[in-house]
Structure formats: structure tokens, C-alpha cells
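Working through the structure, step by step
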Amino acid sequence: MTGMRTEAAQRIELIFTLLDVNGNAVIDSNDFDLMTDRVLKAAAASDDGARADIRVAFRSYWTTLATELDTNGDGAITVEEFRPFVLDPERFGPTITRFAQALSALGDPDKDGLIERPLFVSLLTAIGFEEANCHAVFDAFAPDAQDRITVATFAAGIKDYYAPQKAGIPGDLMVAAPAV
Ligand SMILES: [Ca+2]
Ligand SMILES: [Ca+2]
């Protein structure tokens, strides 16, 4: 049984839409450059090492897509070409793990292991998620009394977001239509 849960398919279609930063219905190298710049702007408080890590992680994400999934070799990934990226965690898990670690680390520039809500929301709205949904996801991660979550919680949540068999997870709240 290697099918994808409906919730996972919705999460993946959303991430595809967000990664298509220039809106031409395919993902290509330029989209990743634009996305990296956006996220680095939101991560102004992070040190050079953490900023370099997210650059490498985004570049690795793109290189993996281009080398493994660009079946017709045109330098662009369609949504159909993108789906196996999440359907095959054995094959793509390391890329997703590296990305999850680099992104979650940007949430913790002072390196105390904790992420405050405003930076969490800034990073994820920079990627393109709806602000109200970012707050809902943060709440679902069960923040402490000072409204913080752990870096490990965020990293695990990112990996779950890409997991084809997971449903009923905080990441599903990203897919919800924004409240009016
Ligand atoms: Ca594009
Ligand atoms: Ca911190």
C-alpha cells in the first residue's frame, strides 16, 4: 500500500503552488532562487551559518527534483512530476530532512532550542502560507506558556507535512481556506 492520503495530496499540491513562485505552473531553478531570497529576508536575525544552511537545503531540494523527477528533461517540474517526491520517502527522505533541519533552525536565531510565534509566522508567510493558517499550525504544535515551540517540534512537523500516509496533523491546517 503506497497510496497517498487525500490530506497529503492536498498538502503537496499547496507546496507545489507555493514553490511555483513565478506562477508559470511549473517549478524550476528560478523559483528556488526567488523562494530562497524571500526566506532569507524573513531570517534576518539568523547567523551566516544558518543562512548558508537554508541556501544549501533549497539548492539540494531543487537538485533532487531536477535530477530525479524531471522525466522529460526540460528543466522544469510539473505537478505530476512532483508527486513522487513525497510518495517515496525512502528515496527523498534525506532531502526533506535536510530542508526541515535548515528551516526549523531559522526559527531559532538565538539557539536556545525554542521558536517564538512571530518569527515562525514570518518564515512561513515568506514561503507563502496564509498567515491565519500559520497561527493555527503554531497553536496545534502546543506552544508553552511563553508562546514558544521547540525546534524539534517544528522540524518533525515539516517532515510530517511531506509524509504521504499522515493525516490529521498540524500541517493539514495549512491547507484550510483562510478565515474571513
Ligand atoms: Ca515556476
Ligand atoms: Ca530561540
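Residues numbered from 1 in each chain as written. Chains lettered and ligands numbered in written order. Predicted model: local features only at pLDDT ≥ 70, side-chain atom pairs only at ≥ 80, totals over all residues.

Where helix α3 (residues 48–68) meets helix α6 (residues 89–106), the axes come as close as 9 Å, and the angle between the chain directions of the two elements is 155°. Taken together, the axes of α3 and α6 lie roughly antiparallel to each other. As α3 runs across α6, the sense of the crossing is left-handed. Taking contact as the criterion, the partners of A50, D53, I54, A57, S60, Y61 and T64 in α3 are, on α6, F92, T95, R98, F99, A102, L103, A105 and L106. By residue class, the composition of the contact of α3 with α6 is ten nonpolar, three polar and two charged. (Axes fitted to C-alpha atoms, helices over the stretch in contact; angles between N-to-C directions. Helix = DSSP H or I, 4+ residues; strand = E, 2+ residues; numbered from the N terminus. Parallel < 35°, antiparallel > 145°, perpendicular 65-115°, else oblique. Left-handed = near helix turned anticlockwise from the far one by under 90°. Contact = placed C-beta atoms within 7 Å. Nonpolar A, V, L, I, M, F, W, Y, C, P; charged D, E, K, R; others polar.)

Per the UniProt record, the feature "domain: EF-hand" (unreviewed entry) sits at residues 68–83. Across residues 68–83 one finds 31% helix and 12% strand; the C-alpha atoms that close the span lie 12 Å apart. (UniProt positions renumbered as here; feature names shortened; annotations may be inferred.)

Right, let's get into the environment of I12. Assignment of secondary structure puts I12 in helix α1 (residues 6–19). We classify I12 as buried; it has 21 C-beta atoms within 10 Å. Along the backbone, I12 and T67 are 55 residues apart, and their C-alpha atoms lie at a distance of 19 Å. Residues within four places of I12 in sequence aside, it is in contact with R83 and V86. (Buried ≥ 20, exposed ≤ 12 C-beta atoms within 10 Å, placed from the backbone.)

Turning our attention to the environment of E81. Its place among the elements puts E81 in helix α4 (residues 79–82). In sequence terms E81 and M35 are 46 residues apart; their C-alpha atoms lie 20 Å from each other. Among residues more than four places away in sequence, those in contact with E81 are L69, D70 and T71.

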